[in-house]
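Secondary and tertiary structure notes
Letter by letter, the chains look like this.
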Amino acid sequence: MTIVVFRAERMEEFDMEHKCKITVIRKECYQDLQEQYLADPKSGECPIFEVGQEFILERNQERDDFWHMLDGKFCSEAWDAISRYVYTALQGGSIMKGWTNDEKMMIACCNDGTRPVIFKIERIDAED
């Protein structure tokens, strides 16, 4: 993303790179729903993620974590649920202005209704 700053005496241009940090902040398990609806009623919590786990995504000329879904290190169902926020962050956009108390952050969860994982998604701005 190129940002152009106008000043009375001159115009400055500089590139800003953005990263996205995904943090697992909670895992839930609704055993009553699992017992009632799942083929394996003792499925338990999500086996893929752990609370506190962090992922830093980059999208530049050397690396494109977005399109590669972190090279298979991320659950496809969870990615489907949060990828729009990740993409916005990597492009330098406002993830959820007016919804969260920081437009560079969003709280979202995966689609698993019996064992959802809750993520904090943050835009990280870094000047080149």
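An account of the accompanying structure is given in this report. This structure is a prediction, so every number in the text was calculated from the model and none was measured.

1. Quick notes on the packing of aromatic side chains
Any two aromatic rings considered together are summarised by their centre-to-centre distance and by the angle between their planes. Here the structure, examined in full by the defined rule, presents eight aromatic pairs. Between F55 and F74, the ring centres sit 5.1 Å apart and the planes meet at 70°, which makes this aromatic pair edge-to-face. In this pair, F55 is assigned in strand β3 (residues 54–57) and F74 in the loop between β3 and α2 (76–90), connecting sequence segments 19 residues apart. On the accessibility criterion, F55 (10% relative accessible area) is buried. Judged by relative accessible area, which is 4%, F74 ranks as buried. Among the aromatic residues, those joined into a cluster by ring pairs are F49, F55, F66, F74, W79, Y87 and F119. The ring of Y85 is capped by R84, whose NZ or CZ atom sits 5.9 Å from the centre of that ring.

2. Structural notes on the pattern of salt bridges
Summed over the entire model, instances satisfying the criterion amount to twelve salt bridges. Here E50 and K27 are joined by a salt bridge, their closest N and O atoms 3.7 Å apart. Taken together, the residues span a long stretch of sequence, with E50 in the loop between α1 (31–37) and β3 and K27 in strand β2 (residues 11–27) at a distance of 23 residues. Under the relative-accessibility criterion, E50 is labelled partly exposed at 47%. With relative accessibility at 11%, the residue K27 sits in the buried group. The residue D125 makes a salt bridge to R123 at a minimum N-O spacing of 2.8 Å. Judged by relative accessible area, R123 falls into the buried class, the value being 12%. Ionic contacts of the salt-bridge type, sharing partners, join the residues K19, E58 and R63 into one network.

About the cut-offs
Each chain carries its own residue numbering, running from 1 in the direction its sequence is written. pLDDT decides what is reported in this predicted model: residues at 70 or higher carry local features, side-chain atom pairs at 80 or more are listed and counted, and totals for whole chains, interfaces and linings draw on all residues regardless. Note that the side-chain values use all heavy atoms of the structure and ignore hydrogens as well as water. Aromatic rings from Phe, Tyr and Trp, with only the six-membered ring used for Trp, were paired whenever their centres fell within 6.5 Å, and each pair was classed as stacked if the ring planes differed by under 30 degrees, edge-to-face if by over 60, and tilted otherwise. What counts as a helix is a DSSP run of H or I of at least four residues, what counts as a strand is a run of E of at least two, and both are numbered from the N terminus. We call a residue buried when its accessible area falls under 20% of the maximum for its residue type, exposed when it is over 50%, and partly exposed in between, using a 1.4 Å probe and counting protein chains only. Criterion for a charge above a ring: Arg CZ or Lys NZ at most 6 Å from the ring centre, at most 35 degrees from the ring normal. By convention in these notes, a salt bridge is any Lys or Arg side-chain nitrogen within 4 Å of a carboxyl oxygen on Asp or Glu.

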